Amino acid sequence: MKEKSFTTKAVHAGRYTPARGVVPPIYQTATYAFETAREMQDIFEGKSEGFVYSRVGNPTQKVFEEKMAVLEGGESAKAFASGMGAINAAVLSIVKSGDHVISDRTIYGSTYDLFTEIFPRLGINVSMIDLSKTDELEENLQDNTKLIFCETPTNPTMKLVDIKKISQYHPTTMVDNTYMTPYLQNPLELGSDVVVHSATKYICGHCDTLGGVIISDAEFIERTHQLLKDFGAAMSPFNAWLLLRGIKTLTLRMDRHTANAEKVAEFLEEHPSIAKVYYPGLKDHPQHALAKSQMRGFGGMIAFE
Ligand SMILES: Cc1ncc(COP(=O)(O)O)c(C=O)c1O
């Protein structure tokens, strides 16, 4: 059978509709009931499928995870209360005290603070560099480098990082794909090991909920589970439901965002008061060729001076 389109998967992937409802229910419950203590124990120990406590798993959250794994082309996904909850758990599932991380220096402010203030306090050293320059990456690689992290395009200068290139090196690579969404870019297909999102942005699309998600192979996602369980940044069932509703229109929204941004970027480029426009869709953007090779559209974000 023909592979389903992204738009079809965005609507239909991930299903949990016990009463045949088209829309999954909001399982607004913290705890679950069992016939016997043994039944609960088996789920706790992973011997049977089910839910025991919504900090560590909930059916509505699970539908969201399944959909995100399908859309990013990963084996599995783990939902968190926010993008920062997801990034924090993903990084700490890889590094420990004494390890080294390389990150692009142009990243979202709170991720920057995590790398430059919080992680160094835990004995994790981070080199903040320009990952679009291969020589800088090679100069900073160390025997204990466990992670290479980037956003592409970066906020706010719209610089790109070549995902295929940074994924050739030995450390785990993690890409924050918030700006592109899985509709416009799939870092796992380009060789990256882990993808993180602030689902609060385009995935939600309605400014009414926070959310975060990690997508990777099943073994890595299993490792992030302990960080979810013990740090407790769990996504609420209602937020998972709102995100599921938002994703259904992701492709329509991203197409319109991209079309609007292209028009605005072209307008600004011609404007006499504007010195510089940063938009990878413009033909004179220094990384336009890379943009065309790793993104399926240029997205809705623009910067200008
Ligand atoms: C690229 C990027 N990553 C991560 C985050 C953090 O996400 P959240 O606000 O959902 O914690 C943001 C938030 O603006 C962001 O823009």
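For clarity, every value in this text was computed on a predicted model and none was experimentally measured.

**A look at the domain arrangement of the chain**
- Assigned domains within the chain: domain 1 (6-247) and domain 2 (251-304).
- Domain 1 and domain 2 are separated by 26 Å when their C-alpha centres are compared.
- Each partner contributes residues to the interface: domain 1 has 28 residues there, and domain 2 has 21 residues.
- With both chains or domains summed, domain 1 and domain 2 bury close to 2000 Å², and 57% of this area falls on carbon and sulfur atoms.
- Linking domain 1 with domain 2 are zero salt bridges, by the criterion used here.
- Taken together, the connections running from domain 1 to domain 2 amount to 13 residue pairs in polar contact (both at pLDDT 80 or more).
- Secondary-structure elements contributing two or more residues to the side of domain 1 that touches domain 2 are α1 (6-12), α8 (181-184) and α10 (237-247).
- Considering every element that reaches the side of domain 1 that touches domain 2, the biggest residue donor is α8, with four residues.
- Tallied by class, residues from the side of domain 1 that touches domain 2 come to 17 nonpolar, nine polar and two charged.

**Considerations on the site of the ligand**
- The immediate surroundings of the ligand are formed by S82, G83, M84, I87, Y108, E151, D176, T178, S198, T200, K201 and G211.
- The side chain of D176 places a nitrogen or oxygen atom 2.6 Å from a nitrogen atom of the ligand.
- K201 has a polar side-chain atom sitting 2.5 Å from an oxygen atom of the ligand.
- Per-element accounting of the shell around the ligand gives the leading share, three residues, to helix α4 (residues 83-92).
- In the shell around the ligand, the residues fall into three nonpolar, six polar and three charged.

**Section: the packing of helix α3 (residues 59-72) against α10**
- Between α3 and α10, the least distance of the axes is 8 Å, while the angle of their chain directions is 35 degrees. Here α3 runs over α10; the crossing is left-handed. Here α3 contributes T60, Q61, V63, F64, K67, M68 and L71 to the contact with α10, which in turn contributes P237, A240, W241, L243, L244 and I247.

**As for the sheet that holds strand β2 (residues 100-104)**
- Here we have seven strands laid out as an open sheet, ordered β1-β7-β6-β5-β4-β2-β3, and mixed in their pairing. Strand pairing shows two members of the sheet lacking a second neighbour, β1 (76-80) and β3 (125-129), which therefore form its edges. Across the sheet, the mean angle from the axis of one strand to that of its neighbour is 20 degrees, orientation sign disregarded.
- Pairing of β1 with strand β7 (residues 212-216) involves five bridges; the strand directions are antiparallel. Within the sheet, the bridge partner assigned to A77 lies in β7 and is I215.
- Against the sheet, α3 contacts β1, β6 (194-198) and β7, and its axis sits at roughly 130 degrees relative to β1.

**Quick notes on the layout of surface pockets**
- In this model, the largest pocket occupies a volume close to 880 Å³.
- Residue lining of the largest pocket: 28 residues in total, with G50, V56, K78, E222 and H225 positioned closest to the centre.
- Of all elements in the fold, only α2 (37-44), α3, β1 and α9 (218-231) reach the threshold of two or more residues within the lining of the largest pocket.
- The greatest single-element share of the lining of the largest pocket, amounting to six residues, is contributed by α9.
- Taken together, the residues of the lining of the largest pocket break down into eleven nonpolar, eight polar and nine charged.

**Here we look at the side chain of T145**
- As for its placement among the helices and strands, T145 is situated in strand β4 (residues 145-151).
- Within the local environment of T145, its side chain forms a polar contact with the side chain of H100, the two groups lying 2.7 Å apart.
- At 2.7 Å, the side chain of T145 and the backbone nitrogen of Q142 are in polar contact.
- Those residues in contact with T145 that lie beyond four places of it in its chain are H100, I102, N140 and P171.

**Regarding the pairing of β3**
- Two elements, β2 and β3, share five bridges in a ladder whose sense is parallel. Within β3, the position partnered with D104 by the bridge is I129.
- Following the backbone out of β2, through helix α5 (residues 109-121) and into the adjacent parallel β3, one traces a crossover that is right-handed.

Parameters and conventions
- Every residue gets a number counted from 1 within its own chain, in the order that chain's sequence is written.
- Confidence filtering applies because this is a predicted model: local features only for residues at pLDDT of at least 70, side-chain atom pairs given and counted only at 80 or more, and all residues used for totals across whole chains, interfaces and linings.
- Calculated side-chain values reflect all of the structure's heavy atoms, with hydrogen atoms and water omitted.
- Just so you know, the domain bounds were taken from an automatic or database domain assignment.
- Contacts: residue pairs with any heavy atoms within 4.5 Å of one another.
- In this description, buried area is defined as the sum, over both parts, of the accessible area (probe of 1.4 Å) that is lost when the two are combined.
- Criterion for a salt bridge: a side-chain nitrogen of Lys or Arg within 4 Å of a carboxyl oxygen of Asp or Glu.
- Distance and chemistry together define a polar contact, namely a pair of N or O atoms within 3.5 Å, with one atom able to donate a hydrogen and the other to accept it when in protein, and with adjacent residues in sequence counting only for side-chain atoms on both sides.
- Helix and strand labels come from DSSP, where a helix needs a run of H or I of at least four residues and a strand needs a run of E of at least two; each type is numbered from the N terminus.
- Residue classes follow a fixed rule: Ala, Val, Leu, Ile, Met, Phe, Trp, Tyr, Cys and Pro count as nonpolar, while Asp, Glu, Lys and Arg count as charged, and any other residue, Gly among them, counts as polar.
- Being near a molecule or strand, for a residue, comes down to having at least one heavy atom within 4 Å of it.
- Here an angle of 0 to 180 degrees is reported between the N-to-C directions of two axes, which are lines fitted to C-alpha atoms, with helices fitted over the stretch in contact.
- With the far helix as reference, a near helix turned anticlockwise by less than a right angle produces a left-handed crossing, and one turned clockwise produces a right-handed crossing.
- Here, any two strands with at least 2 DSSP bridges between them count as paired.
- Think of a 1 Å grid over just the protein atoms. A cavity is a set of points where a 1.4 Å probe fits yet cannot get out, a pocket is an open set with protein on both sides within 12 Å along at least five of seven lines, and lining residues have an atom within 4 Å of a point.
- Grid points are joined across faces, edges and corners, and a volume is the space filled by probe spheres set on the points.
- Here a crossover is taken to be right-handed if, once the strands point away from the viewer, the path from the first strand over the helix to the second is traced clockwise.

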